[in-house]
Amino acid sequence: MANETRQRSIYVASDWVATSLAWFAFTVIRFFNVVQGVQSYPTFWDFLSVQPVWMGQIFFPILMMGLYYLSGYYNKVFFKSRVEELTSTLATAITGTILIYFLAIVDDPIPDKASNYELLLMLFLLLFGFVYLTRLAITQNTRKRIGKGLIEFNSLIIGTSHSARKLRRKLGALHGPRAAACHVVGYVATDPDNQPTDIDLPVYTLDELPEITRSLNIRNLIVTPHREGMQQTLNLINRLFPLERPILISPTLFQLITSKPKIHDLNGELLIDISHANMSESTRNLKRAGDIVVSALALIVLSPLFLALAIAIKRDSKGPVFYSQERVGLRKKPFRIHKFRTMKTDAEANGPTLSSANDRRITKVGRVLRKYRIDELPQFWNVLKGDMSIIGPRPERDFYIRQIMKQAPYYTLIHQVRPGITSLGMVKHGYASNVDEMIERLQYDLVYLENISLTVDLKIILYTISTVLNGRGV
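Computed from a prediction, not measured in an experiment: that's the story for all the values here.

**Points about the overall build of the protein chain**
Check the secondary structure of the protein chain and you find 18 helices and 11 strands. Counting every position in the protein chain, which comprises 474 residues, the buried fraction comes to 47%.

This is how it looks when you write it as structure tokens:
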């Protein structure tokens, strides 16, 4: 079986050791080429005992480990692309070299620019060489172990149709790492009334899936087209998201679902993972790191405003300052979203009801808050916790999701990412007052899913600021 935590720990430990050795080697070179004879350190050990030097041996490897994390190198620990491994290590080595130069080397008494450049080049070569060689050795060894069947990835095929069994035979005919990537251990029946009798593997029900995925250590869920059509297939995918396992589909089915002519993320050249959005691992980590930093600062800086708004809300109408409601987020995981209360406490006494521009349930202060979208600010707490992101599709209640899914079953695709405080749909369409408008807004969110990048997020933030300043919140 594949143990991702153990494999990730191996990469992290090797990077730490390699980076520490690289920095120590650089410290030796730095001493004999720059420090000795210029300052009063008769021996290398005297130099090493100086506080900035030995602290650097601790601090700079930590700095590099942070860069390695942000690069997304540790996100996927099996089936690493050797090209991506090379480019990722190269990029972090260059970035680390530049940062270390300005933090520690720029004030060294280097006699000429040529020596300065040589020292800089030496630092880069050491950081890149030590780390890349250890990574390459681990990756190559892992590929060999997978090829020999020492590491396998248990998978279930969702469906028992002819196409499902045909895919099983195709996967069974593979050899080496590609075969181990999808070691099929059973089927999941989606149509219990039509079960073939010539199946050579165990067949489970959809209701058994949560328990089976845990007990059999299932890594992949391979979806085949449902006999009743695309809508049923998407409804099925919707049920699989909460299991938090990679959901793999054929390239043909992927094109039908997304209407995209190009295929980007192949798993073993046969299957595509649709449980993760189309963004690089570095973007994924940088986006989350940015969410944590910005939300933490926002909660601190905006705390006086929160206090003033709390007083205004309490004076305006009876009821609590904050309003919380269950929404559906990443992988269909439910969470409670937090807002400033903008409606009367009995606003939904007759059941879930969407708001409109002239909604009488909205309080006087609430109307101002909604106009400038100030009521959304407490959601920075949701972002800090990891329930949400600053940028992402707006989360909906399960009550409305079920209605949307009847008309637009592809809505389930937005559960690939964390929902956001603001989104492309919010700045281009705004609030939705009925299900049809939710579906219209969904089109923008699907466009965002296929174009996620830090640049796109920045554009959405600028659009949002413009919307807030101009009071176009409702």
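Once the structure has been displayed, the description carries forward.
**Concerning the pairing of strand β8 (residues 322-328)**
Pairing of β8 with strand β9 (residues 334-340), which is carried by 7 bridges, proceeds in the antiparallel orientation. Bridge assignment links Q325 to a residue of β9, and that residue is I337. Hairpin connection, β8 to β9: the antiparallel pair is bridged by 5 residues, and R331 has positive phi, about 55°.

**A short note on the pairing of strand β4 (residues 220-223)**
Across the two faces of β4 the burial is the same, with N220 and I222 and L221 and V223 all buried. Pairing of strand β1 (residues 154-158) with β4 involves 4 bridges; the strand directions are parallel. Bridged to S155 within β4 is N220. Relative to strand β5 (residues 247-249), β4 runs parallel, the two sharing 2 bridges. Bridged to I222 within β5 is L248.

**Some remarks on the pattern of salt bridges**
Scanning the entire structure with this criterion turns up 14 salt bridges. Among the ionic pairs, E4 bridges to R219, the shortest N-O distance being 2.1 Å. Taken together, the residues E4 in helix α1 (residues 4-35) and R219 in the loop between α8 (209-215) and β4 connect sequence positions 215 residues apart. Residue class for R219 comes out partly exposed when judged on its relative accessible area of 24%. R394 is the partner of E376 in a salt bridge, and the nearest nitrogen-oxygen pair spans 3.3 Å. Of the two residues, E376 is situated in the loop between α13 (364-371) and α14 (379-385) and R394 in the loop between β10 (389-391) and α15 (398-407); the sequence distance between them amounts to 18 residues. Residue E376 shares its accessibility class with R394, and that shared class is buried. When salt bridges with common partners are traced through the structure, they connect E4, R8 and R219 into a single cluster.

**A short note on the packing of aromatic side chains**
Tallied over the entire structure, the rule returns 13 aromatic pairs. Measuring from ring centre to ring centre gives 6.0 Å for F124 and F128, while their planes differ by 15°; the resulting arrangement is stacked. In this pair, F124 and F128 both sit in helix α5 (residues 113-147), 4 residues apart, roughly one turn of the helix. Here F124 falls in the buried class, since its relative accessible area comes to 18%. Overall, F128 belongs to the buried group, its relative accessible area being 17%.

**A look at the packing of helix α11 (residues 281-301) against helix α12 (residues 303-316)**
Two elements in contact, α11 and α12, have axes separated by 4 Å at closest approach and are oriented at 55°. In terms of orientation, α11 and α12 fall into the oblique class. Judged by residue contacts, L299, I300 and V301 of α11 engage S303, P304 and F306 from α12. Residue composition of the contact of α11 with α12, grouped by class: 5 nonpolar, 1 polar and no charged.

**Thoughts on unusual backbone geometry**
Notably, R331 is not glycine yet its phi reads approximately 55°, a positive angle. For R331, the position within the fold is in the loop between β8 and β9. A positive phi angle, close to 55°, is found at R373, a residue other than glycine. Along the chain, R373 falls in the loop between α13 and α14. Take R373: its relative accessible area is 9%, and that puts it in the buried class.

**Structural notes on the environment of D436**
With respect to the helices, strands and loops of the structure, D436 is situated in helix α17 (residues 435-449). Of the residues examined, D436 reaches a relative accessible area of 46% and is grouped as partly exposed. Placed 29 residues apart in sequence, D436 and Q407 show a C-alpha to C-alpha distance of 8.9 Å.

**Side note on α17**
Compared with an ideal rise of 1.5 Å per residue, which puts 15 residues at 21 Å, α17 spans 21 Å between its outermost C-alpha atoms and is within 8% of the ideal. Where α17 is concerned, the buried positions are V435, M438, I439, R441, L442, D445, L446, Y448 and L449. Buried positions along α17 lie against α11, β10, α15, α16 (424-428) and α18 (454-469). The opening residue of α17 is N434, an N-cap whose side-chain oxygen sits 3.1 Å from the backbone nitrogen of D436.

**So, the environment of I292**
Relative to the helices and strands, I292 is located in helix α11. On the accessibility criterion, I292 (36% relative accessible area) is partly exposed. Residues I292 and W381, 89 residues apart in the sequence, show an inter-C-alpha distance of 9.7 Å.

**Here's the deal with the side chain of S155**
Tracing the backbone through its elements, the reader meets S155 in strand β1. Here S155 falls in the buried class, since its relative accessible area comes to 0%.

**Quick notes on the nonpolar core**
By size, the foremost hydrophobic cluster in this structure holds 43 residues, and its most contacted members are F340, F380, I404, Y411, L449 and I452. Per-element tally for this core: the top contributor is α17, with 7 residues. When sequence neighbours within four positions are dropped, the list of residues in contact with I452 reads A277, N278, M279, T283 and V417. One finds F26, L123, F124 and F153 within the second-largest nonpolar core, a separate group that totals 31 residues.

**Details of the side chain of S317**
Here S317 is to be found in the loop between α12 and β8. Residue S317 is classed as buried on the basis of its relative accessible area of 17%. The residues contacting S317, other than those within four sequence positions of it, are R341 and T363.

Parameters and conventions
Residues numbered from 1 in each chain as written. Predicted model: local features only at pLDDT ≥ 70, side-chain atom pairs only at ≥ 80, totals over all residues. Heavy atoms only, no water. Helix = DSSP H or I, 4+ residues; strand = E, 2+ residues; numbered from the N terminus. Buried < 20%, exposed > 50% of the residue type's maximum accessible area, 1.4 Å probe, protein only. Pairing = 2+ DSSP bridges. Salt bridge = Lys/Arg side-chain N within 4 Å of Asp/Glu carboxyl O. Phe/Tyr/Trp six-rings, centres within 6.5 Å; stacked < 30°, edge-to-face > 60°. Axes fitted to C-alpha atoms, helices over the stretch in contact; angles between N-to-C directions. Parallel < 35°, antiparallel > 145°, perpendicular 65-115°, else oblique. Contact = heavy atoms within 4.5 Å. Nonpolar A, V, L, I, M, F, W, Y, C, P; charged D, E, K, R; others polar. Expected span 1.5 Å × (residues − 1). Polar contact = N/O pair within 3.5 Å; in protein donor to acceptor, adjacent residues only side chain to side chain. Core = buried A, V, L, I, M, F, W, Y, C linked by side-chain atoms within 4.5 Å.

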